[in-house]
Amino acid sequence: MFKKYMVLLMIMVAGACFLSTSASAQTLEILTWKGYAPKVLVDKFKAETGIDVKVTFTNNEEMIAKLRATRGAGFDLAQPSQDRISSVQEKYQIYQPIDVTKINADQIITSMLDAVQKNTTVNGKPHAIPFCWGTSGLVVNRKLAPAVSDYTDLLNEAYAGRVSYRLKRPTLIAMAFALGDDPFAKYSDVKAYKKLMDKVGQALMDNKHLVKNYWANGDALLQSMRSNEVYVAMAWDNGGWKLHGENPDIDFIAPKSGALGWIDTFAIPAKAKNTEAAYKWINFMLKPENAAIFTNLEKYGTASKGAIKLTDTSVRGNFERSFSDADIDNIKWYPPVPAKLESIEGMVLDKVKASK
């Protein structure tokens, strides 16, 4: 009798362990930005898959630090910016390659998928899938500056004293593209990059008299456009859309030479325990109907093909006014920046600021 009791007890203990293991296997640990895993979608995912989602909010720097400290353990999914992956992976091996066979690529915008795979490839294998994106381009008062089409209009005498932009590297990059060059293609050639940045810097210095101000505070820029002090500015899409809601004459436009874009991604840490759940979440979040819910909440576009058409009217209108399909394919996505180039850019920006 005692033996039967011990056998039964062992079976019960084993069963409890199995249930405990199964329960833990059905939890997806995500390391992400605030707003990227909204409760409404977490609940929907749980209802569809039975998988719980535990979210830890962070940013790029903390994300790298947390995963470095554990050598890629502790989380099943992370969401770094696409230009913060390859160099980190080469040094610390905190991510694992993406198994593209587990991704529903048909529901992802091809140009974004290609850009992220290219920019996150290490040892011949991609390490991320695109999720959401945003851009900087031109915010324009169409009533007062109807002909504006590209960054070169920041150098246009027609808008003397009505121009604003930041003295930051995106302005240098944008102007290089607008002047007919490709700064990203010169990232591997320090001398060529310096020559290009010097050319851009000289163009900014030669036209410094056109500038109303170099904005540093987004709210101040918006106010200067509300008051008609500034007609043309280089700024972010969300700022332009906010102004459009107040004054339909003002809007964000994708420049002819291409808006500059950031992409936040899905990447799987090296020692993730629940990779199957991670792939399910990626595919779930990139379903057009789910991506539309995210965009309605956060106002960021996603890499989900067709999702914009399912968003609220006001949100959809912003994207459709500012971006044709060709404009989206023409976005210049930031690749990882080699360290030597930032010092070159800094010196050019200092010269522009100090010039008379």
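Since we're looking at a predicted model, the values are computed, not measured.

Cut-offs and rules
Residues numbered from 1 in each chain as written. Predicted model: local features only at pLDDT ≥ 70, side-chain atom pairs only at ≥ 80, totals over all residues. Heavy atoms only, no water. Pairing = 2+ DSSP bridges. Helix = DSSP H or I, 4+ residues; strand = E, 2+ residues; numbered from the N terminus. Contact = heavy atoms within 4.5 Å. Axes fitted to C-alpha atoms, helices over the stretch in contact; angles between N-to-C directions. Buried < 20%, exposed > 50% of the residue type's maximum accessible area, 1.4 Å probe, protein only. Arc of directions from axis to C-beta. Polar contact = N/O pair within 3.5 Å; in protein donor to acceptor, adjacent residues only side chain to side chain. Parallel < 35°, antiparallel > 145°, perpendicular 65-115°, else oblique. Left-handed = near helix turned anticlockwise from the far one by under 90°. Nonpolar A, V, L, I, M, F, W, Y, C, P; charged D, E, K, R; others polar.

Right, let's get into the sheet that holds strand S3 (residues 77–78). Taken together, the three strands give an open sheet; going across it, the order is S2-S1-S3, and neighbouring strands pair in parallel fashion. One side of each edge strand has no neighbouring strand; the edge strands of this open sheet are strand S2 (52–57) and S3. In terms of strand pairing, strand S1 (residues 27–32) meets S2 through six bridges, oriented parallel. Its bridge partner lying in S2, Thr27 is registered against Asp52. Helix H3 (residues 60–70) contacts S1, S2 and S3 of the sheet and is inclined by roughly 130° relative to S1.

If you check which residues of H3 are buried, you get Asn60, Met63, Ile64 and Leu67. The arc enclosing the buried residues of H3, seen along the axis, measures out at 95°, which places them on a common side. Looking at the buried positions of H3, the neighbouring elements they touch are S1, S3, helix H4 (86–92), strand S4 (95–96) and strand S11 (268–269). Regarding H3, its N-cap is Asn59, as a side-chain oxygen of that residue lies 3.2 Å from the backbone nitrogen of Glu61 further along. Arg71, located one to two residues past H3, shows a positive phi value of around 55°.

So, on to the packing of helix H2 (residues 39–49) against helix H10 (residues 275–285). H10 packs onto H2 with a crossing angle of 120° between their chain directions and a minimal axis gap of 11 Å. When the axes of H2 and H10 are compared, the pair comes out oblique. Of the two elements, H2 crosses H10, and the hand of that crossing is right-handed. The residues of H10 that touch H2, namely those facing Leu41, Val42, Lys44, Phe45 and Glu48, are Ala277, Lys280, Trp281, Phe284 and Met285. Classifying every residue of the contact of H2 with H10 gives seven nonpolar, no polar and three charged.

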